[in-house]
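Summary of the model geometry
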Amino acid sequence: MQKTLVIESSFGEASLAKRHAALIVLRGEEIGRDFRLRRNRMVVGRSPSADIWLHDERASREHARIEYRGSGHDDHTRFVLTDLGSTNHTFVNSEPVDSTQLQDGDKVQIGDTILKYVVLDDVEARFHEEIRDRITYDQLTGLLTKESLYLALGRELTRCLGYDLPLSVLMMDLDHFKSVNDTHGHLMGSHVLAEVGGVIDRAVRTADVSAVYGGEEFISYLAESDMEGALLAAERVRTAIEAHRFVYDGAEVRITISIGAATAPGHGTTIKELVREADRALYRAKGAGRNRVCAAE
């Protein structure tokens, strides 16, 4: 006897019917990010005050404008893109435009950034949010990826320097981490890295931002924090790591961390300068015996 399989979906017809217009970054520093379009005017550009801020040196500060031109309550998808006299022009599907109504699937190029105009239902919107999270966050530790932190740090550094506020960077490296893998195996090593991410996140302030820098290295930035505040935060991280019991499959390890700190504007006014000086301080901490905090000179 033939049976009929009935599949109940958690997504109702309303979820599939509701539509959202968005720009998704296909190429650029924030690849995978989607900018949900609103009914009010939105400016796209390099200025931190832009509604859609592109970290792209070839984009003008106010490069283009997106305006809603829909006619009804249920019409969420009619948007017009207008170039604002940009230096490098605005392109849609590789053609320069002054003003055009966007169509689903159009590719918009502003500077070196390419964005795709899409119309999504709720299910598709949640899918893109999941993809963005996987790009933004390190899946093992739950911290940001290095690339995502650099984007956030660039914005925060611009803001702090503009308002004459300090900003500090911490470079952190686990001491003798190779011996953990060699003695207890890589599963223990992965467990330690995952736990360290949580310890760092709890030790710094809620407003501070941390990421995996690579391997057993971590990085944090502390907005509006001078060197005194940075050293206090670094010491909280150091003591928290030193006191933490890392237990996996019945085995326990203890580990320590070395930290270097640098502060803008005294040690630099760019991400590259701050990371370099914090990294130099980190290696001084390593050379002085590890499990310690050093400030940039």
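Everything discussed here concerns the structure shown above.
The text that follows walks through the structure, step by step, so that each part is easy to find. (Residues numbered from 1 in each chain as written. Predicted model: local features only at pLDDT ≥ 70, side-chain atom pairs only at ≥ 80, totals over all residues. Heavy atoms only, no water.)

What follows is about the packing of aromatic side chains. Each aromatic ring pair is specified by the distance between its two centres and by the angle formed by the two planes. On inspection of all chains with the given rule, the structure shows one aromatic pair. The side chain of Lys-146 reaches across the aromatic face of Tyr-213, ending 4.4 Å from its centre. (Phe/Tyr/Trp six-rings, centres within 6.5 Å; stacked < 30°, edge-to-face > 60°. Lys NZ or Arg CZ within 6 Å of the ring centre and 35° of its normal.)

As defined by bridge partners, strand β13 (residues 209-214) adjoins strand β14 (residues 217-223) across five bridges and the pair is classed as antiparallel. Across the sheet, the residue bridging to Gly-214 is Glu-217, located in β14. Linking two consecutive strands that pair antiparallel, namely β13 and β14, is a turn of two residues; a positive phi of about 60 degrees is found at Gly-215 within it. (Pairing = 2+ DSSP bridges. Helix = DSSP H or I, 4+ residues; strand = E, 2+ residues; numbered from the N terminus.)

Quick look at the packing of helix α3 (residues 146-162) against helix α7 (residues 271-287) now. It is at 10 Å that the axes of α3 and α7 come closest, and there the two elements cross at 110 degrees. Between α3 and α7, the angle falls in the class roughly perpendicular. Within the contact between the two elements, α3 uses Tyr-150, Leu-153, Gly-154 and Leu-157 and α7 uses Ile-271, Leu-274 and Val-275. In the contact of α3 with α7, the residues fall into six nonpolar, one polar and no charged. (Axes fitted to C-alpha atoms, helices over the stretch in contact; angles between N-to-C directions. Parallel < 35°, antiparallel > 145°, perpendicular 65-115°, else oblique. Contact = heavy atoms within 4.5 Å. Nonpolar A, V, L, I, M, F, W, Y, C, P; charged D, E, K, R; others polar.)

Our next topic: the nonpolar core. Leu-174, Val-192 and Phe-218 are the most contacted members of the largest nonpolar core, which totals 29 residues. Taken together, the elements giving at least two residues each to this core come down to β12 (167-174), α4 (177-184), α5 (186-203), β14, α6 (227-243) and β17 (257-264). Tallying contributions element by element places α5 first for this core, with seven residues. If we ignore the near neighbours within four places in the chain, the residues touching Val-192 are Leu-174, Phe-177, Val-180, Phe-246, Val-253 and Ile-255. Judged by nonpolar contacts, the second largest core, of 23 residues, contains Phe-35, Leu-37, Val-44 and Ile-52. (Core = buried A, V, L, I, M, F, W, Y, C linked by side-chain atoms within 4.5 Å. Buried < 20%, exposed > 50% of the residue type's maximum accessible area, 1.4 Å probe, protein only.)

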